[in-house]
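The primary structure of each chain is shown beneath.
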Amino acid sequence: MANLDDIDRRLLAELQAEGRVTNVELAQRVGLTAPPCLRRVRGLEEDGVIRGYHADLDPSKLGFAITVFAMVSLKSQAEASLREFEEHMRALPEVRECHMLNGEIDFILKIVSKDLQSFQEFLTGKLTPAPNVESVKTSLTIRTAKQEPGVPL
């Protein structure tokens, strides 16, 4: 875990809320001048605390009308089999998140698709025949009540 002071935490909270804030504005918000603010941000980036910056896109405005969560059970939980499945999931752009779980289900996936027909084709053509897959259970998202990236700071 990174050793962060109050200013680092305030910098991270501001950047997490608004990644496009200028360095000058960020410095003002946390009570620094621009040069030390930039040094701190660069240090947080170099330490891997800040992994990157991205735009928060609206999937529906880009034609991705549905989000599905898939619970995947594998035939084998040997490390090589787990890694092979994970690598296969990384190669599928529809799979936005892939988390290995403890318990009955091995992985939960967050999948976006343009429509039900496209999702069915993805499910039967790419996910179910993936390496080592034993079973897949899916749940279609009806609505999202909360979607907040990052961590509480």
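Computed from a predicted structure; not experimentally measured.

**Description of the overall build of the chain**
Looking only at helices and strands, the chain features five helices and four strands. Mapped in sequence order, the helices and strands of the chain form the string α-α-α-β-α-β-β-α-β. Taking 153 residues into account, the globule formula puts the C-alpha radius of gyration at 15 Å, and the chain, at 20 Å, lies well above it. Looking at the chain as a whole, 28% of its 153 residues qualify as buried.

**Looking at the layout of surface pockets**
When its volume is computed, the second largest pocket comes out at roughly 260 Å³. Within the residue set of the lining of the second largest pocket, elements represented by two or more residues are α4 (79–90) and β2 (95–100). In terms of residue count, β2 provides more of the lining of the second largest pocket than any other element does, five residues in total. Broken down by class, the residue content of the lining of the second largest pocket amounts to five nonpolar, one polar and four charged.

**Here we look at the UniProt feature "domain: HTH asnC-type" (unreviewed entry) in the chain**
In this structure's numbering, the residues bearing the UniProt feature "domain: HTH asnC-type" (unreviewed entry) are residues 4–65. Annotated as residues 4–65, this span is 53% helix and 0% strand, and its ends, taken at the C-alpha atoms, are 40 Å apart.

**Section: the pattern of salt bridges**
Inspection of the entire model under this criterion finds nine salt bridges. The partner of E97 in a salt bridge is K110, with the nearest N and O atoms 3.9 Å apart. Of this pair, E97 sits in strand β2 while K110 sits in strand β3 (residues 107–113), and the two are 13 residues apart along the sequence. The exposure class assigned to E97 is partly exposed, which follows from its relative accessible area of 35%. Assessed through its relative accessible area of 18%, K110 is described here as buried.

**Brief notes about the packing of helix α1 (residues 6–17) against helix α2 (residues 23–30)**
For the pair α1 and α2, the least separation of the axes is 10 Å and the interaxial angle reads 130 degrees. Between α1 and α2, the interaxial angle falls into the category oblique. Taken as a pair, α1 and α2 cross one another with a handedness that is right-handed. For the pair α1 and α2, the contacting residues are R10, L11, E14 and L15 in the first and L26, R29 and V30 in the second. The class makeup of the residues in the contact of α1 with α2 is four nonpolar, no polar and three charged.

Criteria and thresholds
In this numbering scheme, every chain counts its residues from 1 along its sequence in written order. Since the coordinates come from a predicted model, pLDDT governs what is reported: local features require at least 70, and pairs of side-chain atoms require 80 or more to be given and counted, while whole-chain, interface and lining totals use all residues. Side-chain metrics rest on all non-hydrogen atoms present in the structure, leaving aside hydrogens and water. Only runs of H or I of at least four residues qualify as helices and only runs of E of at least two qualify as strands under DSSP, and these elements are numbered from the N terminus. Between the two quantities, the radius of gyration covers C-alpha atoms and the globule rule is 2.2 Å times the number of residues to the power 0.38. The buried label goes to any residue with under 20% of its type's maximum accessible area, the exposed label to any with over 50%, and the partly exposed label to all in between, with areas taken from a 1.4 Å probe on protein chains only. The distinction between a cavity and a pocket rests on a 1 Å grid over the protein atoms alone: a 1.4 Å probe fits inside a cavity but cannot get out, while a pocket stays open yet meets protein on both sides within 12 Å along at least five of seven lines, and a residue with an atom within 4 Å of a point counts as lining. Grid points are joined across faces, edges and corners, and a volume is the space filled by probe spheres set on the points. Charged residues are taken to be Asp, Glu, Lys and Arg, nonpolar residues to be Ala, Val, Leu, Ile, Met, Phe, Trp, Tyr, Cys and Pro, and polar residues to be all remaining types, Gly included. UniProt positions are given in the numbering used here, feature names are shortened, and annotations may be inferred rather than shown by experiment. We define a salt bridge as a side-chain nitrogen of Lys or Arg found within 4 Å of a carboxyl oxygen belonging to Asp or Glu. The axes are straight lines fitted to the C-alpha atoms, using for helices just the contacting stretch, and the angles between their N-to-C directions are given from 0 to 180°. Any angle that is under 35 degrees is reported as roughly parallel, and any over 145 degrees as roughly antiparallel; angles of 65 to 115 degrees are reported as roughly perpendicular and all others as oblique. Left-handed describes a crossing in which the near helix is turned anticlockwise from the far one by less than a right angle; the clockwise case is right-handed. Note on contacts: a residue pair qualifies if any of its non-hydrogen atoms lie within 4.5 Å across the two residues.

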